[in-house]
Amino acid sequence: MLQLFFAVAFSAVPLTLYVPPLRSLNLFVETMEELFRESSIYSGRFYPRLRYACSRLLNCMLCNTTA
């Protein structure tokens, strides 16, 4: 059982190298928030058009037209 514990412990040590330090993670989160703020201006206008286009497409595909 002790050998299994050491095998798992030493195999997990290299994984800690992939975890960024907290400073880098904070910068990443700040960058993502800024990107979201900048893109929300354009996405606010795009999403209603996308919903309208999808509803028109589904309406056409399902033949829900009143003729």
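Scroll up to find the structure this text is about.
Enquirer: Could you give me a rundown of the overall build of the protein chain, with the residues and numbers involved?
Expert: A tally of helices and strands in the protein chain yields two helices and zero strands. Taking all 67 residues of the protein chain together, 0% fall into the buried category. Per element, the accessible surface of the protein chain, about 6900 Å² overall, is 70% carbon and sulfur.

Enquirer: Explain a nonpolar patch on the surface residue by residue, including any values.
Expert: A surface patch of nonpolar side chains, amounting to about 450 Å² of accessible area, comprises L25, F28, V29, M32 and L35. Summarising the element assignment, L25 is placed in helix α2 (residues 22-61). Here L25 falls in the partly exposed class, since its relative accessible area comes to 38%.

Enquirer: Outline a negative patch on the surface, supporting the account with residue identities and numerical values.
Expert: On the surface, E30, E33, E34 and E38 cluster together into a negatively charged patch. Among the residues examined, E30 registers a relative accessible area of 48% and is labelled partly exposed.

Scoring rules and cut-offs
- Residues numbered from 1 in each chain as written.
- Predicted model: local features only at pLDDT ≥ 70, side-chain atom pairs only at ≥ 80, totals over all residues.
- Heavy atoms only, no water.
- Helix = DSSP H or I, 4+ residues; strand = E, 2+ residues; numbered from the N terminus.
- Buried < 20%, exposed > 50% of the residue type's maximum accessible area, 1.4 Å probe, protein only.
- Areas by Shrake-Rupley, 256 points an atom, 1.4 Å probe, with all protein chains shown as cover.
- Patch = residues over 30% accessible without salt bridge, like charges linked within 9 Å, V, L, I, M, F, W, Y side chains within 5 Å.
- Salt bridge = Lys/Arg side-chain N within 4 Å of Asp/Glu carboxyl O.
- Lys, Arg positive; Asp, Glu negative; His and termini not counted.
- Charge placed at Lys NZ, Arg CZ, Asp CG, Glu CD.

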